[in-house]
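Take a look at the letters that make up each chain.
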Amino acid sequence: MASSSSFSSCALAPRLKKHDVFISFYGKDIREGFLSHLQKELKQNQIYAFVDENLERGEDILSSLLAKIEESYVSIVIFSENYAYSSWCLDELVKILECNIERKQIIIPVFYGINPTHVQELEGSYCDAIVKHKKESNNNSNKLDAWISALKKISNLSSFPESKLIEKIISHISKKLNDHLIPSDSCKDGLVGINSRVKDVQELLCLELVDVRCIGIWGMGGIGKTTIASKLFEQICNQFQGGCFIANVREQLQKYTPDNLQCEILSKVLNNEGLNIGMPSMLSSAIKRRLSRQKFLIILDDVSDLELVEFLIGKHVVFGPGSRIILTSRDKQLLKNVSAEIYEVKKLNDDEALQLFSFHAFKPNFVKKEYMQLSRKAIGYADGNPLALKVLGSKFGKRTEEWEDKLEKLKDIPDRKIQEILRISYDDLDPDEKEIFLDVACFFKWWDKNRAISILEGCGFFAKCGISRLIDKSLISISKRNRLEMHDLVQQMGKDIVGEEKEIGKRSRLYKSKDIYKVLTKDMGTEKVESISANMNEIGFMELSSTAFVKMRNLRLLKFYSFGHDQVKVVLTKRLKSLPQELRYLEWPKYPLKSLPSRMPRSQLKQLWNEDQVLILSGCTNLVEISSSIGRLSQLRELELNSCMSLKSIPSSIGDLKCLYELDFSGCSKLSSLPDAICNLKSLIELKVSKCVNLNGLPENLGNLGSLKRLYADESGITKLPSSMNQLKQLIQLDCSKCRNLVGIPSSIGCLSLLRELELNSCMSLKSIPGSIGELKCLYELDFSGCSKLASLPDAICNLKSLIFFDVSGCVNLNGMPENMGNLESLKRLHANESGITKLPSSLNQLRQIEGLACSRCTNLVEIPDSICDLKSLISINVSGCVNLSGLPENLGNLKSLGMLIADESGITKLPSSINQLGKLTMLKCSGCKGLILPPLTGLTNLRCLFLNNCEMLELPDSLGSLTSLEKITLHGNDFESIPESIKQLSKLLVLDLRDCKRLRGCLVYLLSVQVNCYGARLLIAGSEVPQRMRYRNNSGSSLSFSLGQHDLLGLSFCGVLDPKIHPSRVYTNIGCMVLFIGESGCSRHEKLYWLYKHWDCQMKFQSENVFLWGSSIFLDPDDCFKKALFQFFAVHYDDNGAEMITSREMIVKCGVHPIFKHKKRKNQDGGKRKKQPPPSQRLKDTQELNKENAEDEPSVSEI
């Protein structure tokens, strides 16, 4: 079945126009030939063009034509020999220029059979035509001037040469239409969330390259793979000489043979030209040659068979340079096998999900207040899956009672359509993989992956391969913390498969509390039951008989658990007769009898003995000792005793556990030694003694642990490492971080040939590093940060050819690095923050792979070597707080990959002029660089964030407006009196921070003109007045209200004046405004909070009054007809102790609101002239009077 999914619909889609292209031309010059070819190509590429064909000239026709220009996205002006002789053409030209200026219409000038300079300079026939018109103008000089201006301006726009003219015009128009019609994620055919995903895939395609490339779009069922592929095909297919989109390949294979599908592909890419394709494996040489010479786009949707993919696009067919193949699939391994670059489709975020759900549930894109909580429950159930959101939204009715009933029903009976789509992936699994999937769905979700694999392997499954396969099929994922994650809908599908067995005692897995209670208390279990996971918070109390598990001979997994303070209350009237022999995992906190199972967290017992494969006693705070009989647990694989804070000793018999591969003593704070016998554990892979603060050493014969791969001794009391460590040939990770008593590293460490990670950070007693460390050829991470007594590094450290990350931050006594640091050929990150280094070695220019260099707060660092500018891969430099660093290398512009330069609070007073060559720079931070002088900023075309706070700057460069990608500028605390007018050109600017710029005057008016029309913009500026241009103002207080005279409100701009004198020492984190919209009857209400900052990571202090301006778009249901709006402004700040955040209204001393309405053109009876609006003060007065009349019905601001 196809992966049918959808994305959210948008409330504010752009107004669609009737025509893609308007063509302005002089018919006698080009009608026969060029024009007909152009029309044909436009039509073939699905571009709708309006062409003035054989129309009679006349005033009505002219008006109609000029209207057609307004109704088009693009105008093509074809300048030919006699074009200027036509007054008709020149009138069109003036209208086209007007639409370009007022409506941002795209103009494409084409010079056909004429020298462009003849048009641009009015020479030749164009000069003659103007002279002719001048004679016939009857003193209408204004019209003639408009013609001449339009001719010159349009002819000087970017144009095309005649070679391959039509092909280039088509390609250019297609790109411009896509850019124009799809400006953001919010508007395209009513889809939200699709365009950013399409853009991501398009970037992977690298269409500018001439290689043949394959891209895989991967994700779970219903996530939107098909939608992305189809939209992408729609946007880029015209850039190829042929293309095809084969939808639902999996489904089509049920109807057609692979031969049929390949014939369809070849027929489509060859444009149905009637060629004899023949058998796919025996293509004619002519077809093969053509396929290998031309550029094609082929998309195969929902593929699941590797052999089929290779048959269709691999072994028998070779496509030409620049061809692109796109596959959508749920099977990641399949995409890997065809060497596809893989794009994983992410689920919708909460905002996108709400829009999609509400569109299908309510049709207009609005959620009423009484439905909001229920909508969020439905969105939580779908968890970002577009298909689920669409299906759920279309099922809900208008009554809240009906919603609640359906949502409750979904917990037990999920939607069939959703489950059918998801089950396709399950059906593709083999029997072993299906069992693992059902175990994860019913038992192991959120478990550590390695632990789950261990237990599953103990159950006889091929767990590593199985888990990998489930990941590739997008049925599970692995979190950053290495835990098994599964989408709620996929988990529900797995549980439904188990529930297909009607008799609960015969179900393979029990997970519902009521089913577990019934089966266990009534001895209804059978040999079919394999796992039980009982939530005792839901069950509460359960009394079992001694035979409760007797019939469950195949029970592998048994878990009783609870959350919070509730305790597991399972009562046994008699000793259990038996537990199943197949049992591999048992978790039973507060087990009521003396015969213990394996998992007893927070047990109150003093001694322990039991046998099982996994024994976990984490958090048994009263456990003092372990019985020597523990050695009898011959099959024990994991022993966890972490946080057993009373445990003082370990019996020597622990050395008899020959199968043990994981041993955890971390947090056993009273443990002072480990028995030598522990070194007999030949299978041990992982040993943890972290936070064993009284453990001052490890056994000398530790090297006997031949299988040990990971040793964690961080925050322990060890003073040295045993010399026998050189025998740990399998060790890949050694963590001794924060071992404050560790004084040295044995020279034998160089023998650990497989060691990859060595963590020694915060070892404050460590004074030296042996030269043998240079022999660790596999080491990729080395961390000495916080080793405050480390005074030098051995030169041999530069032999670490695999080292990727190196950190000496906080090594305050380290005054330099080895001169041959450049030999670290794989190094990507070098951190030396807060270290004692005075200079960087000149050999750094040899670090060809380095991406990040961090030397922040190195107060002794005085210079950066010029050679650093040879690092073509360097992405970020951080020299913040380097107070003695006075400058940066003059050739800094050579760092072509640099994206982030952080130099705030440093001694830098001047930036090199070559900084303008940093075309990839996105962030520049120089806050606190006193007396900073900026060069003209012209070449930083990708700069998005500019931080220049407290630099004592007296002026800003006029070139600031050329930084067209800027989204955030912070300039607070400077001394300039004005900001350049060019700042108006920053159309993407969202944040402008001018707080505490006390000398700044007279710029707020035009800043506001920029801000009020940009919903996301935020301006912060020193001042004490609400701008006059704000339509509604309160000059004494933090609240206001007004009546809404129109129902087409699009957005609001907010203004608040904050006075810090009331609490001068407070740290502020945000400014907000609560808005209450009230309906005509007073019953219909809609509340909404609008924040200055979306993210709460800002901390602000003020010395004087400051003005805050920000804006937001508004989505209101037009059916509610809101008549009034109340606004309450407030500031959020920390209390005097800095512990809690407090909201405070009194800090906002003045406020203002500026509503933004949808523009409507209205013709009045006075000839179409718009009625003059009263001034803002009069409108405010009228509104206040209207509010006063309705005061009895209107709630006070304190109610908001």
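Residue positions are given per chain, counted from 1 along the sequence in the order it is written. Given that this is a predicted model, residues contribute local features only at a pLDDT of at least 70 and side-chain atom pairs are listed and counted only at 80 or more, while totals for whole chains, interfaces and linings are drawn from all residues. The side-chain values count all of the structure's non-hydrogen atoms but skip hydrogen atoms and water molecules.

- The chain appears in an unreviewed UniProt entry as TIR domain-containing protein from Hevea brasiliensis.

## Remarks on the sheet that holds strand β17 (residues 585-587)
So, point 1. In this analysis, strands are considered paired if DSSP registers two or more bridges between them. Every helix listed is a DSSP run of H or I at least four residues long, and every strand listed is a run of E at least two residues long, numbered separately from the N terminus. Spatially, β12-β13-β15-β17 is the arrangement adopted by the 4 strands of the open sheet, whose pairing is parallel. In this open sheet, the two strands that pair with only one neighbour each are β12 (509-510) and β17.
So, point 2. Relative to β17, strand β15 (residues 557-561) runs parallel, the two being bridged by 3 bridges. Considered in β17, the bridge of L558 is made with L586.

## Section: the sheet that holds strand β7 (residues 296-300)
Hydrogen bonds between backbone atoms are what pair the strands of a sheet, whose relative direction is either parallel or antiparallel.
So, point 1. Strand order across the open sheet formed by 5 strands is β6-β7-β8-β5-β9, with parallel pairing between neighbours. The open sheet has two edge strands, β6 (242-246) and β9 (341-344), and neither has a second partner. For this sheet, the mean angle separating the axes of adjacent strands, direction not counted, is 15 degrees.
So, point 2. With 4 bridges connecting them, strand β5 (residues 213-218) and β9 associate as parallel partners. Residue pairing for β9: I215 is matched across the bridge by E341. A fitted line through C-alpha atoms represents every axis, and for helices the fit uses only the stretch in contact; the resulting angles, taken between N-to-C directions, go from 0 to 180 degrees.

## Re the nonpolar core
So, point 1. Buried Ala, Val, Leu, Ile, Met, Phe, Trp, Tyr and Cys residues that are joined via side-chain atoms within 4.5 Å together make up what is termed a nonpolar core. For every residue, the accessible area obtained with a 1.4 Å probe (protein chains only) is divided by the maximum for its type, and the residue is called buried under 20%, exposed over 50%, and partly exposed between those limits. Membership of the largest hydrophobic core comes to 138 residues, with the highest contact counts inside it found for L663, F665, L734, L782, F784, F806 and I969.
So, point 2. Contributions of two or more residues to this core are made by β34 (991-994), β35 (1018-1022), β38 (1049-1058) and β41 (1106-1113).
So, point 3. What makes two residues a contact is simply this: any of their non-hydrogen atoms within 4.5 Å. Apart from residues no more than four positions distant in its own chain, F665 is found in contact with L641, N642, I650, I654, L671, L674, I678, K688, V689, S690 and C692.
So, point 4. If you look at the next biggest cluster of nonpolar residues, it comprises 75 residues, including I217, F240, L387 and A452.

## Side note on the packing of helix α5 (residues 125-136) against helix α6 (residues 141-155)
So, point 1. At a closest axis distance of 11 Å, the pairing of α5 and α6 adopts a crossing angle of 165 degrees. One element, α5, and the other, α6, form an angle in the roughly antiparallel class. Considering the relative orientation of α5 and α6, their crossing is right-handed. Only L144, W147, I148 and L151 of α6 make contact with α5, whose side of the interface consists of Y126, I130, H133 and K134.
So, point 2. Polar here means any residue outside two lists: the nonpolar Ala, Val, Leu, Ile, Met, Phe, Trp, Tyr, Cys and Pro, and the charged Asp, Glu, Lys and Arg; Gly therefore counts as polar. Residue composition of the contact of α5 with α6, by class: 6 nonpolar, 1 polar and 1 charged. Should an angle lie under 35 degrees it is considered roughly parallel, over 145 roughly antiparallel, and from 65 to 115 roughly perpendicular; all remaining angles are considered oblique. Helix crossings get a hand from a simple test, with the near helix turned counterclockwise from the far one by less than a right angle marking a left-handed crossing and a clockwise turn marking a right-handed one.

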